[in-house]
Amino acid sequence: MSQLERERVIIEHIKIEGSIHHNALIRKIVPVYMAKSTFEKVRDNLVEKQIISMKMSKNRKIYSINENVEGKSFQKIEQRTNQLFHDIKMRIRKIETDYIHKDNSEKINIAYRVIDELLRIDNGFTILDSIKNPKKTLYKDEHMDIQELINQVLEIVKKDKSSQMNIAAVISSLSINNVKN
């Protein structure tokens, strides 16, 4: 069972009950759907994502589904995407100085991971564009910045003495290169 399926099971059981106390929820879910430790991890994750809330009533933990989960989820996506975007800009500055001192496999791995992360961040902005206004690109500047950052990473790789081999490895690992030789 995947993480999403486990989350769905917990949310559905809470939704059916309206509000449910901790032990009753455990009895319904453990061991039919997941182990107790897995339940606790998934529950904590749902509380952290603010999808469900836990309130104390006397000596009982009561779970309920938060209102406006959709709005809070979108807000979380926006915060996380912006945070990742600013973090990766700093990492790329550091890569410019450190890249030359790495061995080839590390260089390929670094370039691949950074470009892959930039693409995932761009997807985050695309999702936000779709949520906020599907007919407009609201994050146009961020999309352009990401293009420039990808170019900057590729330029770092190109300047290296093993650039031809490294560029080919990075592009093929990103599954962008569909051309067969």
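For the structure, see preceding data.
The text that follows walks through the structure, step by step, so that each part is easy to find. As the structure is a computational prediction, the values presented were derived from the model and not from experiment.

## Some details on the sheet that holds strand β2 (residues 52–57)
- Read from one edge of the open sheet, 3 strands run β1-β3-β2, paired in antiparallel fashion. The sheet is open, and its two edges are formed by β1 (19–21) and β2, each paired on a single side. Shown here is a sheet whose adjacent strand axes are inclined to one another by a mean of 30°, direction ignored.
- Where β2 lies against strand β3 (residues 60–65), 6 bridges are found, and the strand directions are antiparallel. Along β3, the bridge assignment pairs M54 with Y63.
- Along the sheet face, helix α2 (residues 22–29) touches β1 and β3 and points at about 90° away from the line of β1.

## A word on unusual backbone geometry
- Residue V30 is joined to P31 through a cis peptide bond whose omega torsion reads -5°.
- Take P31: it is sitting in the loop between α2 and α3 (36–48).
- Despite not being glycine, Q50 shows a phi value in the positive range, around 65°.
- Mapped onto the elements of the fold, Q50 is located in the loop between α3 and β2.
- Residues other than glycine seldom take positive phi values, yet K58 does so here, at roughly 60°.

## Some thoughts on α2
- Taken together, the buried positions of α2 are H22, A24, L25, I26 and I29.
- Buried residues in α2 make contact with α1 (3–17), β1, α3 and β3.

## Considerations on the packing of aromatic side chains
- Under the counting rule described, the total for this entry stands at 2 aromatic pairs.
- Plain terms: the ring middles of F125 and Y139 are 5.1 Å apart, the flat faces sit at 35° to each other, and that makes the pair tilted. Taken as a pair, F125 in helix α5 (residues 104–132) and Y139 in the loop between α5 and α6 (140–158) lie far apart in primary sequence, 14 residues in all. Taken individually, F125 and Y139 each receive the classification buried, so the pair is uniform in this respect.
- Through a chain of ring-to-ring contacts, three or more aromatic side chains come together here, namely F85, F125 and Y139.

## As for the environment of H21
- Take H21: it is sitting in strand β1.
- By relative accessible area, H21 is classed as buried at 17%.
- Between the alpha carbons of H21 and S57 there is a distance of 9.1 Å; along the sequence they are 36 residues apart.
- Ignoring anything within four residues of it in the chain, the contact list for H21 reads R27, R60, K61, I62 and Y63.

Rules of the game
Residues numbered from 1 in each chain as written. Predicted model: local features only at pLDDT ≥ 70, side-chain atom pairs only at ≥ 80, totals over all residues. Heavy atoms only, no water. Pairing = 2+ DSSP bridges. Helix = DSSP H or I, 4+ residues; strand = E, 2+ residues; numbered from the N terminus. Axes fitted to C-alpha atoms, helices over the stretch in contact; angles between N-to-C directions. Contact = heavy atoms within 4.5 Å. Buried < 20%, exposed > 50% of the residue type's maximum accessible area, 1.4 Å probe, protein only. Phe/Tyr/Trp six-rings, centres within 6.5 Å; stacked < 30°, edge-to-face > 60°.

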